[in-house]
Amino acid sequence: MKSEKGGKGKKGEKRAIALGYDGYNAPTVQAKASNQLAHELIEALNEQGCLIHEDAHLLAWLEKLEKGDEIPPILYQVIAELIAYAWVLEGKTPPGWHEHKPINTQV
């Protein structure tokens, strides 16, 4: 699963960062691009059916990372929510969840 974060960077540059997630370890930076390469990366990920998410604040955090770096713990929740949303859209569930049964309680 890949997730791309794009937006306008410094002086109106187009920026994109692709994340990869194997379902077990922290997501990692798979690619970083700017300007024309950012457009091409976004187009390629879009053609593959990947989630494309634009968020300038998240991009600012992710730009500090290098290709191959794991996302820092401070970003776990927001990235987990994006991954969960992408999985729901694809009809997927996390590994091992198929064995879980709903709790029948009312709150």
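Predicted model, so just to flag it, every value in this text is computed and none were measured.

Draft legend 1. Representation of helix H1 (residues 35–47) in the model. Taking 1.5 Å of rise per residue, 13 residues should cover 18 Å, and H1 covers 19 Å from first to last C-alpha, within 8% of that figure. Turning to H1, its buried residues are Ala38, Leu41, Ile42 and Leu45. For H1, the angular spread of the buried residues around the axis is 95°, confining them to a single face. Residues of H1 that are exposed and angled more than 90 degrees away from the buried face: Gln36 and Glu47. Just past H1, the residue Gly49 takes up positive phi, approximately 80°.

Draft legend 2. Layout of the pairing of strand E2 (residues 14–20). Most of E2 is tucked away, with 7 of its 7 residues classed as buried. A two-sided burial pattern is seen for E2, the buried positions comprising Lys14, Ala16, Ala18 and Gly20 on one face and Arg15, Ile17 and Leu19 on the other. In terms of strand pairing, E2 meets strand E3 (residues 28–34) through 6 bridges, oriented antiparallel. Among the inter-strand pairings, Leu19 is bridged to a residue of E3, identified as Val29.

Draft legend 3. Spatial organisation of the packing of aromatic side chains. As enumerated under the stated definition, the model contains 1 aromatic pair in all. On the numbers, 6.2 Å between centres and 40° between planes, the contact of Tyr21 with Trp87 is tilted. A residue pair is termed long-range when its members are at least 10 positions apart, and Tyr21 in the loop between E2 and E3 and Trp87 in helix H3 (residues 76–90) qualify at 66 residues. A relative accessible area of 23% means that Tyr21 is categorised as partly exposed. We classify Trp87 as buried; its relative accessible area is 12%. One Lys or Arg, Lys64, reaches over the ring of Trp61 and ends 4.6 Å from the middle of that ring.

Draft legend 4. Seen up close, the environment of Ile83. By the element assignment, Ile83 lies in helix H3. Judged by its relative accessible area of 10%, Ile83 is buried.

What counts, and at which threshold
Residues numbered from 1 in each chain as written. Predicted model: local features only at pLDDT ≥ 70, side-chain atom pairs only at ≥ 80, totals over all residues. Heavy atoms only, no water. Helix = DSSP H or I, 4+ residues; strand = E, 2+ residues; numbered from the N terminus. Expected span 1.5 Å × (residues − 1). Buried < 20%, exposed > 50% of the residue type's maximum accessible area, 1.4 Å probe, protein only. Arc of directions from axis to C-beta. Pairing = 2+ DSSP bridges. Phe/Tyr/Trp six-rings, centres within 6.5 Å; stacked < 30°, edge-to-face > 60°. Lys NZ or Arg CZ within 6 Å of the ring centre and 35° of its normal.

Read these as spatial facts, not as claims about activity.
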